Amino acid sequence: TRYWRDWSSDVCSSDLELIRFILGGLFLALIQTLIFKEVNIAWWIKPMPYVYLFMILPINSNRFAVLIGAFFFGLTIDAFGGSLGMHTAACVTTVFVKNYIDLYFLDENSMQLQGMKYMQIDYKGWQWYGIYTFSIVLIHHLVFFLFDYFSWTALFTILMVSIASAVVSLLFVQIFRLLLGNK
């Protein structure tokens, strides 16, 4: 039998985790729109470290709710950044594709046995973690810059800008990861 106290503590901890996640998302959106929107390294590298939010999504989260959340998260960045839906499209596509990346890289049962909620360096080491995070960031940046340039003649430029921006964004993501104390 389950007691009322046990049930309420589970609900409270998940509610607090959700509130913490939403506040972290708002903080990353604020940093993106106030600071990183203005940062252009060599005029064509645009860091977007808010993708970190998608990397720390728990593997057992509701896929539909995450897609809706990604839509509104991207819409928030678009509204404050004036980017006309590019962040929204990139966020929704990233979260959708992340489900398939998770299927390839992660074993949900193994992660739950180890007490992990999302991909961490301890799970399979630096190499797998690097490939996993870079693929998520690169997908986001490819979609974003496809809509930004919106021309097949600029395909090489889109690829180069996406890769360079993804590398710089990944550096900022690792800085956030270290500052927040996540493995």
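Residues numbered from 1 in each chain as written. Predicted model: local features only at pLDDT ≥ 70, side-chain atom pairs only at ≥ 80, totals over all residues. Heavy atoms only, no water.

**Q** Hey, could you go over the side chain of Asp78 for me, with residue numbers and the actual values?
**A** Along the chain, Asp78 turns up in helix α3 (residues 63–81). The buried category is assigned to Asp78, whose relative accessible area is 6%. In this view, Asp78 contacts Ser83, Leu84, Gly85, Met86, His87 and Thr88; residues no more than four positions away in its chain are not counted. (Helix = DSSP H or I, 4+ residues; strand = E, 2+ residues; numbered from the N terminus. Buried < 20%, exposed > 50% of the residue type's maximum accessible area, 1.4 Å probe, protein only. Contact = heavy atoms within 4.5 Å.)

**Q** Got a sec to walk through the packing of helix α4 (residues 86–105) against helix α7 (residues 126–149)? Specific residues and values, please.
**A** Packed helices, taken two at a time, are described by their axes: the angle between them and the distance between them. Contact pair α4 / α7: the axes reach a minimum separation of 9 Å and the direction vectors enclose 150°. Between α4 and α7, the angle is such that the two are roughly antiparallel. As for the relative orientation of α4 and α7, their crossing is right-handed in sense. Of the residues in the contact of α4 with α7, the class split is 16 nonpolar, five polar and three charged. (Axes fitted to C-alpha atoms, helices over the stretch in contact; angles between N-to-C directions. Parallel < 35°, antiparallel > 145°, perpendicular 65-115°, else oblique. Left-handed = near helix turned anticlockwise from the far one by under 90°. Nonpolar A, V, L, I, M, F, W, Y, C, P; charged D, E, K, R; others polar.)

**Q** Go over α7 with me, naming the residues and quoting the values.
**A** Between its terminal C-alpha atoms α7 stretches 33 Å, which fits the 34 Å expected from 24 residues at 1.5 Å a residue. Listing the buried residues of α7 in full gives Tyr129, Tyr132, Thr133, Ser135, Ile136, Val137, Leu138, His140, His141, Val143, Phe144 and Phe145. Positive phi appears at Phe150, one or two residues downstream of α7, with a value of about 45°. (Expected span 1.5 Å × (residues − 1).)

**Q** An account of the nonpolar core is requested, with residue identities and associated values reported.
**A** Grouped together as the largest cluster of nonpolar side chains are 38 residues, with contacts concentrated most on Tyr50, Phe54, Met55 and Phe73. Elements supplying a minimum of two residues to this core: α1 (4–36), α2 (52–55), α3, α4, α7 and α8 (155–180). For this core, the element with the most residues is α7, which contributes seven residues. Each residue touching Phe54, except ones within four places of it in the same chain, is listed here: Ala70, Phe73, Cys91, Thr94, Val95 and Lys98. (Core = buried A, V, L, I, M, F, W, Y, C linked by side-chain atoms within 4.5 Å.)

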